Amino acid sequence: CDHANQLREAEGNLQRKCPFCRHRVPASQQESKMDHMKRVEVNDPFAIAQMGIMRFYEGNYEGAFKYYTKAAELGDVTSHYLLSTI
């Protein structure tokens, strides 16, 4: 569980790591965006759906539709729902 891992890291004075990929947590917003784009490039359905959500809130509905469709094709159930809301 993520909470147990966070406790272990805090007690051992260890560097924080992502609970999913075990890589270090990005130190800046720029690093975070780069990591997110890497996940999109390797067809991670969750990351693609998140990109669609970002596009939707920016007002880019065509971009959101594109990302939602791709994530839905890869099996992301939430994207199926989000497609119905556009």
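Up top is the structure.
Positions within a chain are numbered from 1, following the residues in the order the chain's sequence is written. In keeping with the predicted nature of the model, local features appear solely for residues at pLDDT of at least 70, side-chain atom pairs appear and are counted solely at 80 or more, and the whole-chain, interface and lining totals rest on all residues. With hydrogens and water excluded, all non-hydrogen atoms of the structure serve as input to the side-chain values.

(A) Main features of the packing of helix H2 (residues 29-41) against helix H3 (residues 45-58). Interaxial angle, 0 to 180 degrees, is taken between N-to-C directions of lines fitted to C-alpha atoms, where a helix line uses only the stretch in contact. To qualify as a helix, a DSSP run of H or I must reach at least 4 residues; to qualify as a strand, a run of E must reach at least 2; elements of each kind are numbered from the N terminus. Direction vectors running N to C along H2 and H3 enclose 120°, while the axes themselves pass 8 Å from each other. Judged by the angle between their axes, H2 and H3 are oblique. The interaxial crossing formed by H2 with H3 has left-handed handedness. Each of His36, Met37, Arg39 and Val40 in H2 lies in contact with H3, whose residues at this interface are Phe46, Ala47, Ile48, Gln50, Met51 and Met54. Put simply, Ala, Val, Leu, Ile, Met, Phe, Trp, Tyr, Cys and Pro go in the nonpolar bin, Asp, Glu, Lys and Arg in the charged bin, and everything else, Gly too, in the polar bin. For the contact of H2 with H3, the class distribution of residues is 7 nonpolar, 2 polar and 1 charged. Here the angle decides the label: under 35 degrees means roughly parallel, over 145 means roughly antiparallel, 65 to 115 means roughly perpendicular, and every other value means oblique. Handedness of each helix crossing follows the sense of rotation of the near helix against the far helix: counterclockwise by less than a right angle gives left-handed, clockwise gives right-handed. Throughout, a contact is declared for two residues whenever any of their heavy atoms are within 4.5 Å.

Function-wise, these values are silent; they only describe arrangement.
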